Amino acid sequence: MSVPIVIRLGGYQKPASIHTRACVRFGEVLQREAGDAVDFQFLPDVLALGHKSGDLPNMVESGELSACYISSLRYSKRVPELALFDLPFLFPDRSAAYRVLDGRLGQTLRAKVSAQSPFRLLAYWDNGFRHFSNKLRPIRTPADCKGIRIRIQMSELQAESLRLLGMEPILEDIKIFVEQIAGDRFDGQDNPLTNIYNFNIHKHHRYITLSGHVYGVACLMVNRAQYESWPAAVQRAADTAAAEATVLQRQLAAAEDADILQKLDPAENEIVRLTAEEHRTFTEAVRPVTDKYRKDYGGSFFALLD
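Residues numbered from 1 in each chain as written. Predicted model: local features only at pLDDT ≥ 70, side-chain atom pairs only at ≥ 80, totals over all residues. Heavy atoms only, no water.

Engineer: I'd like to hear about the side chain of Ser211, residue by residue, with values.
Structural biologist: Structurally, Ser211 can be placed in strand β8 (residues 207-223). In this view, Ser211 contacts Phe89, Arg130, His131, Phe132, Leu274 and His279; residues no more than four positions away in its chain are not counted. (Helix = DSSP H or I, 4+ residues; strand = E, 2+ residues; numbered from the N terminus. Contact = heavy atoms within 4.5 Å.)

Here it is in structure tokens:
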């Protein structure tokens, strides 16, 4: 009997997270499709093992892991267009985002990932619409943002946008932010509601503004050399597992927003829902960033959004 192929998938979140649950589904489908040909191993939270979330791509590249999920921006050094998903107000809703990710642009970027990096992109996962939370005051207008020291992902593009709002962005890994949230280094942060709740950010930040200023894209990536070494049947099993896990992940992401809002205690958290006019003032304030990148990437990115 042949030795099974070890496929190790890594993540950085707790059992209740939508990403973790999607990874579990990936493993279930992989075992269903490949049977004894694979030995699936899942490391749900590398933070608990002393790693930062940003270590995951390196762990996949080195072969320590076979695959991982993490924000698309973590791969932007090799595929610069992936960073553009961090542009403000790029998508009005999830349906628009899925049409793009599953359409021409998504396929083009998949090909770029394989051509320009040691990874293969198995799926685009829903990393949620990012919202502001902070411990100082409600945010309803760009003027309310002035001087807020805000933790953001490792994205200079996002930092450009937030500086236009008057914020002081601090680029930091989520592990470090959560460890330091009770201190004075940060006044606020941005994250999807699921992360605001599951990382217990809501216990430190009273004010949550449903700004939806960035739609996050997470990439389920596999080590390309490992993938290409697998028998065709195992490759098909991994592709099928990624597709079925993605269906579940996106369903959970949409449902999670409503669930989290129900869980938040109004006595502890003030939820700010922007009016259409208030929302417009934010989009206008950050428009120079979008215009700048539209000029630079018009042929290879924005044209495929339509």
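What follows picks up the thread again.
Engineer: Just give me the short version of the packing of aromatic side chains, but keep the residues and values in it.
Structural biologist: Taken as a whole and judged by the stated rule, the model has 12 aromatic pairs. Both rings, one in Phe26 and one in Phe40, keep their centres 6.0 Å apart while their planes meet at 50°; by these two values the pair is tilted. Linking Phe26 in helix α1 (residues 18-34) with Phe40 in strand β2 (residues 38-43), this pair joins segments that are 14 residues apart in sequence. The residues Phe26 and Phe40 share a single accessibility class, namely buried. Measuring from ring centre to ring centre gives 5.2 Å for Phe301 and Phe302, while their planes differ by 80°; the resulting arrangement is edge-to-face. The same class applies to Phe301 and to Phe302, which are both buried. Here a set of aromatic residues connected by ring pairs shows up, and it is made of Phe85, Phe91, Phe129, Tyr215, Phe301 and Phe302. (Phe/Tyr/Trp six-rings, centres within 6.5 Å; stacked < 30°, edge-to-face > 60°. Buried < 20%, exposed > 50% of the residue type's maximum accessible area, 1.4 Å probe, protein only.)

Engineer: Could you give an account of the pairing of strand β1 (residues 5-10), naming the residues involved and the relevant values?
Structural biologist: Looking at chain direction, β1 and β2 are connected through six bridges and run parallel. Paired with Gly10 across the bridge in β2 is Leu43. Handedness of the crossover joining β1 and β2 through α1: right-handed. Summarising the sheet, β1 and strand β3 (residues 67-71) pair through two bridges and their orientation is parallel. (Pairing = 2+ DSSP bridges. Right-handed = clockwise from strand over helix to strand, strands pointing away.)

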